[in-house]
Amino acid sequence: MPSEPFKFDFIVLGSGIAGLSYALNVARFGRVAIVTKKNRAESNTNYAQGGIAAVTSKEDSFEMHVRDTVEAGAGLCRDDVVRKIVEEGPARVNELIDLGMKFSERVGSSSESAPELDLGREGGHSKRRILHAKDVTGREIESALLQAIARQPNIQIFENHFAIDLITSKKIGLPGSNRCLGVYVLDKPAGVVKTFAAPVVLLATGGCGKVYLFTTNPDIATGDGVAMAYRAGAAVANMEFIQFHPTCLFHPKAKSFLISEAVRGEGGVLRTFAGAEFMEQYHPLASLAPRDVVARAIDTEMKKSGSPHVWLDITTKPARFIIERFPNIYETCQRYGIDMSKEPIPVVPAAHYQCGGIKTTLDGETGIEGLYAVGEVACTGLHGANRLASNSLLEALVCAHRAAKHGLATPHANLPQQLPHWESGTATDADEMVVVSHNWDEIRRLMWDYVGIVRTNKRLLRAQSRIKNLQAEIQEYYWGFTVTSDLLELRNIATVAELIIASALQRPESRGLHHNLDFPSADPAWAQRDTILSRHPKPLTHR
Ligand code: FAD
Ligand code: SIN
């Protein structure tokens, strides 16, 4: 390894579907560093269950997929973006298959002709169109991509390396428009901060479920990319639209285990704690209504009855079918003493997906030259106010491909010879670590209680004032002590919490996932209007 700064042609932050797909697309054209904060497979991608939405059946059409996406998005999707992503989806999915990804095949499909892929169904989809690998689609995708990466000599993966902050020309006082030059990275095992430099940097750091007390997301999802980009001056859009998945397993010992919407797609129904079906009262699609509707209905039913959870019941299906179609969910439930083929599963809603993010074009441009963002970290306009199930793996694949193409076709200015080294405090005080863990817990509970599925202005304002105080404390701590990943994540979740609250306060209506009792209906004047936050006086806007 050369001495610092470590120079590459492309730096990719994150090793989920967005980062790995992008790296594979650019590796033929230069040296690529993939920086990832835990082991290479640890990502939201790795836990995806339901699958990828893409039009592959004769009974389906681009028109129908576009219509379902736009309908779920509640008046906030960008139609041109939806259409392009939907139309480019099948080609990108075929590339994934060429790399070695094996989707489940339809039972009874002939082995002589090309086997037919099995198509799942999820909430808000009018057709079966979800390609899946049983109920472990994400694990299979991650593994196929990592195997392809291993065959590329131009790609180097830095595991347990935590991206702290972007290095921009503005930050280091260079004249001209703001461009990204690299990133400061904490090498966790060595405890040192390294400087990485490249003319093109991709943020593919995923979402922010860990901002909430209850989430389906793994520990990596702390909104680092959004926080870094915001600090660097990029525009962040629509952060009020946090998607709560209706069915997370409710069990004192289960941490963040999702029960896929595909279970409802195969006939599972939601029941109150007392055992009654209730979704027909809320939506004609009943248990398969779009997620915002289902999560709110569960929240209402739980509040009405004071019950700790509702039930998801798929006991009408034969055990053989359940075990074959949902082996991972079946086994996990068994481990917690629940036989889902014989009894209903206790479930609650939990924070699942960030529909907003760094505002980007379809090609992943962020408004800072040389800085791209793709995947859950980005807000392209596909999801609007509520993401249609299984559209996010699709978006990551399509946009990674487009961002790679765009970056390769764009001339980039030379990097400066030297970049300033990282400077931080030097103090370490183990006693003070209690402050970090206390603040972590406080933010996550505060967000759950005050900025959850149903909001009011009073609660949002209360949350805003608490976050302000916590941030002052974190800032003081941040500059005084050596950085650790816990402290860095705390700083990032505080920033993301601030952005979610500020966006929610900016939108005086209820739309999609943002439901405010003070403004209970959608305001037509706010359709097609994004909430944009930026430290920069002229943020990127393209609506
Ligand atoms: P991720 O896959 O989350 O990858 C982010 C990467 O960035 C990770 O490698 C992480 O370690 C790294 N990282 C983060 N911060 C830093 C940092 N500071 N420094 C270095 N590295 C960093 N979507 C669907 O379309 N279909 C599904 O069936 C589906 N099921 C889901 C099930 C679950 C349980 C969950 C949690 C999500 C599901 N989703 C699904 C959503 C989907 O999985 C994600 O939106 C998608 O995988 C995000 O991909 P990504 O590449 O953008 O980010
Ligand atoms: C699920 O399997 O229910 C998750 C699908 C998604 O979040 O898109």
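First things first, this report covers the structure right here in the doc. (Residues numbered from 1 in each chain as written. Chains lettered and ligands numbered in written order. Predicted model: local features only at pLDDT ≥ 70, side-chain atom pairs only at ≥ 80, totals over all residues. Heavy atoms only, no water.)

## Brief notes about the overall build of the protein
Regarding its fold elements, the protein presents 13 helices and 20 strands. The C-alpha atoms of the protein give a radius of gyration of 22 Å, which matches the 24 Å a tight globule of 543 residues would have. A principal-axis box enclosing the C-alpha atoms of the protein has dimensions of 65 × 60 × 45 Å. The buried share of the protein, reckoned over its 543 residues, is 60%. For the protein, long-range pairs separated by at least 24 residues make up 74% of all intrachain contacts whose partners lie at least 6 apart in sequence. Working note: accessible area of the protein is about 21,300 Å², and carbon and sulfur atoms make up 52% of it. For the protein, the separation between the mean place of its 60 positive charges and that of its 61 negative charges on side chains is 2 Å. (Helix = DSSP H or I, 4+ residues; strand = E, 2+ residues; numbered from the N terminus. Rg over C-alpha atoms; globule rule 2.2 N^0.38 Å. Buried < 20%, exposed > 50% of the residue type's maximum accessible area, 1.4 Å probe, protein only. Contact = heavy atoms within 4.5 Å. Areas by Shrake-Rupley, 256 points an atom, 1.4 Å probe, with all protein chains shown as cover. Lys, Arg positive; Asp, Glu negative; His and termini not counted. Charge placed at Lys NZ, Arg CZ, Asp CG, Glu CD.)

## Some thoughts on the environment of V496
Its location among the elements puts V496 in helix α13 (residues 485-506). By relative accessible area, V496 is classed as buried at 0%. Placed 273 residues apart in sequence, V496 and G223 show a C-alpha to C-alpha distance of 6.4 Å. Beyond its immediate chain neighbours, meaning those up to four positions away, V496 contacts C208, V211, G223, V226, A227 and M239.

## Observations regarding the site of ligand 2
With respect to spatial proximity, the complete set of residues near ligand 2 consists of Q49, G50, E122, H245, L258, S260, E261, R291, H352, R387, A389 and S390. At 2.7 Å from an oxygen atom of ligand 2 is found a side-chain nitrogen or oxygen belonging to S260. One nitrogen or oxygen atom from the side chain of R291 is found 2.9 Å from an oxygen atom belonging to ligand 2. Within the complex, 93% of the 260 Å² of free accessible area of ligand 2 lies under protein. (Near = heavy atom within 4 Å. Polar contact = N/O pair within 3.5 Å; in protein donor to acceptor, adjacent residues only side chain to side chain.)

## Some details on the nonpolar core
Ranked by internal contacts, the top residues of the largest apolar core, which has 77 residues, are L13, L166, F196, L203, I443 and I500. At 11 residues, α13 tops the list of elements feeding residues into this core. Core analysis: the second largest hydrophobic core is formed by 53 residues, V12, I17, Y22 and L96 among them. (Core = buried A, V, L, I, M, F, W, Y, C linked by side-chain atoms within 4.5 Å.)

## Overview of unusual backbone geometry
The phi angle at N238 is positive, at roughly 55 degrees, despite the residue not being glycine. Looking at the secondary structure, you find N238 in the loop between β12 (236-237) and β13 (242-249). Phi is positive for S256, close to 55 degrees, though the residue is something other than glycine. Along the polypeptide, S256 turns up in the loop between β13 and α6 (261-265).

## Details of the site of ligand 1
T45, G51, D224, E376 and S392 are the nearest of the 37 residues found near ligand 1. In this structure, Q49 approaches ligand 1 through a main-chain N or O atom, which is 3.3 Å from a nitrogen atom. When ligand 1 is considered free in solution it has 1,000 Å² of accessible area, and contact with the protein chains removes 98% of it. For the shell around ligand 1, a count of residues per class yields 12 nonpolar, 20 polar and five charged. (Nonpolar A, V, L, I, M, F, W, Y, C, P; charged D, E, K, R; others polar.)

## Re the pairing of strand β15 (residues 310-313)
Sheet topology note: the strand β14 (residues 269-271)/β15 ladder contains three bridges and is antiparallel. Residue V269 lies in a different strand from β15, and its bridge partner there is D313. Bridge count for β15 against strand β16 (residues 345-354) is three bridges, and the pairing is antiparallel. Each bridged residue has a counterpart across the sheet, and for W311 the counterpart in β16 is P346. (Pairing = 2+ DSSP bridges.)

## A look at helix α12 (residues 457-480)
In an α-helix there are 3.6 residues to a turn, and that puts residues three or four apart on one side. In a regular helix each residue adds 1.5 Å, so 24 residues correspond to 34 Å; α12 covers 35 Å between its end C-alpha atoms and thus fits that length. Among all positions of α12, only L460, A463, I467, L470, Q471, I474, Y477 and Y478 are buried. On its buried side, α12 packs onto β8 (161-168), α11 (433-450) and α13. (Expected span 1.5 Å × (residues − 1).)

## Side note on the environment of R445
Relative to the helices and strands, R445 resides in helix α11. For R445, a relative accessible area of 47% corresponds to the partly exposed category. Between the alpha carbons of R445 and V211 there is a distance of 8.7 Å; along the sequence they are 234 residues apart.

## Things to note about the sheet that holds strand β19 (residues 378-379)
Spatially, the four strands line up as an open sheet ordered β19-β17-β12-β20, and their pairing is mixed. The sheet is open, and its two edges are formed by β19 and β20 (532-533), each paired on a single side. Where strand β17 (residues 357-359) lies against β19, two bridges are found, and the strand directions are parallel. Across the sheet, residue I358 finds its bridge partner in β19, namely A378.

## A closer look at the pairing of β13
Most of β13 sits inside the fold, with eight of its eight residues counted as buried. With six bridges connecting them, β13 and β16 associate as antiparallel partners. Within β16, the residue paired with H245 across the bridge is A350.

## What about the packing of aromatic side chains?
Throughout the structure, instances matching the rule amount to 11 aromatic pairs. For the ring pair F8 and F196, a centre distance of 6.1 Å and an interplane angle of 10 degrees mean the geometry is stacked. Here F8, found in the loop between β1 (6-7) and β2 (10-13), pairs with F196, found in strand β10 (residues 192-197); they are 188 residues apart in sequence, far enough to count as distant. Taking relative accessible area as the criterion, F196 reaches 0% and is therefore assigned buried. Centre to centre, the rings of Y212 and F244 are 5.3 Å apart; their planes meet at 80 degrees, and the pair counts as edge-to-face. Of this pair, Y212 sits in the loop between β11 (200-203) and α5 (224-232) while F244 sits in strand β13, and the two are 32 residues apart along the sequence. A single burial state applies to Y212 and to F244, both of which are buried. (Phe/Tyr/Trp six-rings, centres within 6.5 Å; stacked < 30°, edge-to-face > 60°.)

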